[in-house]
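A closer look at the structure
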Amino acid sequence: MTTRPTTLTIPKPDDWHLHLRDGAMMKAVVPYTARHFARAIVMPNLKPPIRTTADAAAYRERILAALPEGVDFTPLMTAYLTDTTNPDDLEKGFRDNILFAAKLYPAGATTNSDLGVTDVQGISHILDRLQRIGMPLSIHGEFVDPSVDFFDREAVFIERILIPMRRSFPELRIILEHLTTKTAVHYVMTEGQIGRLAGTITPHHLWINRSAIFENGISPHLFCLPIAKREEDRQALIQAATSGASMIFAGTDSAPHPRTAKETANGAGGIFGAANALSLYAEIFDHANALNKLGDFLSTNGATFYKVPVNTASITLEKSPTPLPPLKPILTEDGAEIVVFPHQSALSWRIIESSSSYAAQP
């Protein structure tokens with residue numbers, strides 16, 4: 001019988017889908033990502049959103065100013081697409097290495113998405129420009145319509161929006177973010193071979209199914225968008241993540257909210273997982289007897305898809321014989337409290353060493 005390793009060293013990971021928010025919230029959460037990841041694609045759904053190259057440049061400076069002293073970290077900036085986005089501005093930002101990707105939010109799909117795209121056909125000229133300049137398109141893949149069941153929004157988006165989009169723009173580089181269903185996994189795993197389609201998977205969607213949200217009463221800290229799905233979907237996500245498939249990689253979708261915004265009548269959708277993300281991924285891969293594939297998922301596949309160097313730094317994780325207690329909530333400088341996922345589960349894997357050099361932003 002082969003003994004599973006209790007330590008693991010991999011190239012320093014990247015987070016290919018991250019929410020940092022702004023102001024006091026951003027200052028409180030950015031150190032947790034910056035200490036564990038070399039780079040992260042930062043989502044633009046602030047209020048107001050990051051819509052232009054100038055917006056992104058200013059936001060990047062605020063993020064860099066909030067980093068702990070001596071920590072090397074590169075935020076990769078995105079532009080929030082609207083019905084009136086200027087493709088010339090996108091191209092300039094991309095060519096000047098200020099914008100790394102464009103982000104498509106269907107209007108009303110998630111937090112601060114009300115100004116998102118109302119009709120994908122109406123932004124065909126923008127998609128054509130992205131395709132011609134090679135700028136990646138990151139997609140929140142949910143179809144928003146009262147006639148579509150909340151738990152079916154991802155599958156319907158693929159059928160009605162993504163498949164026609166890829167038919168019209170076959171060279172467009174698309175990342176379907178935070179996969180949650182067996183349907184989405186199958187589509188990306190089948191169609192992603194040509195290097196034009198990839199999918200990210202979060203630690204929390206690997207960790208919970210939708211039943212967990214309702215155990216012992218409704219748990220607002222397990223409510224995220226897109227919402228967790230059935231156990232068969234979670235198992236499909238685990239199989240995809242641990243397969244080593246090049247078109248599947250990590251995106252934490254860590255999305256902090258104050259406790260007061262979660263524990264309320266209309267609780268916000270989002271899970272703050274950045275503080276435990278690597279430990280959670282390691283737990284899942286260890287349980288699946290796939291630790292040898294963790295480096296591909298965390299450190300290699302995403303860099304390859306986005307055509308950037310794999311980080312030269314390394315990070316070492318260790319499995320403790322005694323599970324570590326859940327982390328306490330994080331306090332912001334203005335008094336807000338952020339609950340860390342998982343708030344009720346002990347974890348065995350932890351980071352014990354991280355080297356500081358890394359591949360610079362291209």
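Up top is the structure these notes are about.
Read on for a plain summary of the structure.

Cut-offs applied
- Residues numbered from 1 in each chain as written.
- Predicted model: local features only at pLDDT ≥ 70, side-chain atom pairs only at ≥ 80, totals over all residues.
- Heavy atoms only, no water.
- Salt bridge = Lys/Arg side-chain N within 4 Å of Asp/Glu carboxyl O.
- Helix = DSSP H or I, 4+ residues; strand = E, 2+ residues; numbered from the N terminus.
- Buried < 20%, exposed > 50% of the residue type's maximum accessible area, 1.4 Å probe, protein only.
- Pairing = 2+ DSSP bridges.
- Axes fitted to C-alpha atoms, helices over the stretch in contact; angles between N-to-C directions.
- Contact = heavy atoms within 4.5 Å.
- Core = buried A, V, L, I, M, F, W, Y, C linked by side-chain atoms within 4.5 Å.
- Phe/Tyr/Trp six-rings, centres within 6.5 Å; stacked < 30°, edge-to-face > 60°.
- Lys NZ or Arg CZ within 6 Å of the ring centre and 35° of its normal.

Attention shifts here to the pattern of salt bridges. This structure, assessed with the given rule, holds 18 salt bridges. Across the pair Arg 62 and Asp 22 runs a salt bridge, and its minimum N-O distance is 2.8 Å. Here Arg 62, found in helix α2 (residues 53–65), pairs with Asp 22, found in the loop between β2 (14–18) and α1 (23–34); they are 40 residues apart in sequence, far enough to count as distant. With relative accessibility at 33%, the residue Arg 62 sits in the partly exposed group. What makes Asp 22 partly exposed here is its relative accessible area of 29%. One salt-bridge network, held together by shared partners, links Asp 88, Glu 91, Arg 95 and Arg 129.

Taken in spatial order, the eight strands of this open sheet run β2-β3-β4-β5-β6-β7-β8-β9, and their pairing is parallel. Two strands bound the open sheet, and with one partner strand each, they are β2 and β9 (248–250). Each adjacent strand pair in this sheet contributes to an overall mean axis angle of 30°, direction not counted. Running at roughly 150° to strand β4 (residues 74–80), α2 makes contact with β3 (39–42), β4 and β5 (99–104) of the sheet. Along the sheet face, helix α3 (residues 87–95) touches β4 and β5 and points at about 145° away from the line of β5.

Here the focus is the nonpolar core. Buried together is how nonpolar side chains tend to be arranged in soluble globular proteins. Among the nonpolar cores identified, the biggest contains 102 residues, and Leu 137 and Met 165 are the most heavily contacted of them. In this structure Met 165 touches Leu 104, Val 120, Leu 127, Leu 137, Ile 139, Leu 172 and Ile 174, once residues within four positions along its chain are discounted. Grouped together as the second largest cluster of nonpolar side chains are 11 residues, Cys 224, Ile 227, Leu 280 and Leu 347 included.

For the coordinates displayed, the defined rule picks out 12 aromatic pairs. Aromatic pair Phe 150 and Phe 151: ring centres 6.2 Å apart, planes at 85°, arrangement edge-to-face. The partly exposed category is assigned to Phe 150, whose relative accessible area is 32%. Among the residues examined, Phe 151 registers a relative accessible area of 25% and is labelled partly exposed. Seen from their ring centres, Phe 249 and Tyr 306 are 6.2 Å apart, and the 65° between their planes marks the pair as edge-to-face. With Phe 249 in strand β9 and Tyr 306 in helix α11 (residues 294–306), this residue pair connects regions lying 57 residues apart in the sequence. Judged on exposure class, the residue Phe 249 and its partner Tyr 306 are both buried. Aromatic ring contacts, followed pair by pair, group Trp 16, Phe 100, Phe 249, Phe 305 and Tyr 306 into a single cluster. For Arg 160, the ring lying beneath its charged end belongs to Phe 143, and the centroid distance is 5.0 Å. Geometry around Phe 305 places Arg 173 over its ring, the cationic atom sitting 5.7 Å from the centre.

The buried fraction of strand β8 (residues 197–201) is high, at five of five residues. By the alternation rule, side chains of β8 split into Leu 197, Gly 199 and Ile 201 and Ala 198 and Thr 200, which are all buried. As defined by bridge partners, strand β7 (residues 174–176) adjoins β8 across three bridges and the pair is classed as parallel. Residue pairing for β8: Ile 175 is matched across the bridge by Ala 198. Sheet topology places β8 next to β9; three bridges connect them, and they run parallel. Bridge pairing in β9 places Thr 200 opposite Phe 249.

As a further point, take the sheet that holds strand β1 (residues 7–11). As summarised here, the arrangement of the three strands in space is β1-β10-β13, forming an open sheet in which the pairing is antiparallel. Two strands close off the open sheet at either side, each with one partner strand: β1 and β13 (347–354). Within the sheet, the average angular offset between the axes of one strand and its neighbour, ignoring direction, is 30°. Relative to β13, strand β10 (residues 314–324) is paired through six bridges, and the arrangement is antiparallel. Looking across to β13, one finds that Lys 319 is bridged to Trp 349. Contacting β10 and β13, helix α10 (residues 277–287) crosses the sheet at an angle of about 120° to β13.

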